[in-house]
Amino acid sequence: MDKTKLKSRVILCSLLVILVVIWQFLSEKGMINQMFFSSPKAVWQDLKEMFGSGYIFPHLKVTLCAAFLGLFYGIVFGTLTAFLVGNNKVLINILEPIFVGIHGLPLLALGPLFVVWFGIGMKSKIFMATINVFFLVFFNVYAGVKDVDVQLINTLKLMRASKLQIMLKVIMPSCIPWLIASLKAGVGAAVLGAIVGEYLGASAGLGWIIQTAGGYYNITRVIACVLVLMVIMFILDAIVKKIDKSVLKWRPSVDKS
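This report concerns the structure included in the present document. Please read these numbers as outputs of a predicted model, since none were measured by experiment. (Residues numbered from 1 in each chain as written. Predicted model: local features only at pLDDT ≥ 70, side-chain atom pairs only at ≥ 80, totals over all residues. Heavy atoms only, no water.)

**Concerning the state of the cysteines**
Next up, step 1: Scanning all chains against the criterion turns up zero disulfides.
Next up, step 2: Distance from the sulfur of C65, which forms no disulfide, to the nearest cysteine sulfur (C225) is 18 Å. (Disulfide = S-S within 2.5 Å.)

**Comments concerning the pattern of salt bridges**
Next up, step 1: A full pass over the atoms with the stated rule returns three salt bridges.
Next up, step 2: Two residues, E28 and K41, come together in a salt bridge whose shortest N-O distance is 3.5 Å. One end of the pair, E28, is in helix α1 (residues 3-28); the other, K41, is in helix α3 (residues 40-53), and 13 residues separate them in sequence. Here the two residues E28 and K41 agree in accessibility, since each one is exposed.
Next up, step 3: With a closest N to O distance of 3.4 Å, K241 and D237 form a salt bridge. Of this pair, K241 and D237 are both found in helix α11 (residues 219-247), four residues apart, which corresponds to roughly one turn of the helix.
Next up, step 4: Residue classification places K241 among the partly exposed residues on the basis of a relative accessible area of 46%. (Salt bridge = Lys/Arg side-chain N within 4 Å of Asp/Glu carboxyl O. Helix = DSSP H or I, 4+ residues; strand = E, 2+ residues; numbered from the N terminus. Buried < 20%, exposed > 50% of the residue type's maximum accessible area, 1.4 Å probe, protein only.)

**Thoughts on the side chain of H59**
Next up, step 1: Residue position: H59 is located in helix α4 (residues 56-86).
Next up, step 2: Apart from the residues within four sequence positions on either side, H59 is in contact with A204, G205, L206, W208 and I209. (Contact = heavy atoms within 4.5 Å.)

**Re the packing of α1 against α3**
Next up, step 1: Two elements in contact, α1 and α3, have axes whose closest approach is 8 Å; the angle formed by their N-to-C orientations is 105 degrees. Judged by the angle between their axes, α1 and α3 are roughly perpendicular. Together, V20, W23, Q24 and E28 of α1 and P40, K41 and V43 of α3 make up the contact between the two elements.
Next up, step 2: Looking at side-chain class alone, the contact of α1 with α3 contains four nonpolar, one polar and two charged residues. (Axes fitted to C-alpha atoms, helices over the stretch in contact; angles between N-to-C directions. Parallel < 35°, antiparallel > 145°, perpendicular 65-115°, else oblique. Nonpolar A, V, L, I, M, F, W, Y, C, P; charged D, E, K, R; others polar.)

In structure tokens, the structure reads:
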């Protein structure tokens, strides 16, 4: 780890510790209402209770399962659709306005439809996560397809390369950085889709815990679950960064010193 990164992490950890100390001090002195903001000690005790009793693990499994399946399906279908319409002007003229219109709709507006169509079980959560990821991947990969060097493609055509060869040897490798960028954004979108699905109708999951706790004004549990989600996103982001480095190790790095 270089000095700059180490320094940044030390500063970040210090700021977080200072924030927690101030939060606890204000809650103990009664300067903030614990009914609305809780306190670090109360949140920590609630986390210990949920993990110690095993209460949270089935809910974690439900949320992560829906998110990962949605991420997988969204990446697969988004990438295939982008490649399919990338060099087909008729298809893109037909599908782009439809995709733009659907992508612009709030997920909460479509959620009730998915619940009616697929029920309150796992299917509706997976579908919401998939839809959330699909458009991110499609627009990113489609931009990558259109960004391919035209002169290189024309040169290969002059060499009598087939469409399949051009796709495998030029277009797909050129789209890998765009796909990795989609993966970074798609992880968060998949988790968001699963959580929103649990808000609209579920009997398990972190979103269901947060909604139920909020209904009973249990702010401590709400904050505890939000912190769990933040830790999950931090871990997933670290995994994606590892994938990014291993897949794109050929890409020259920029010296920011």
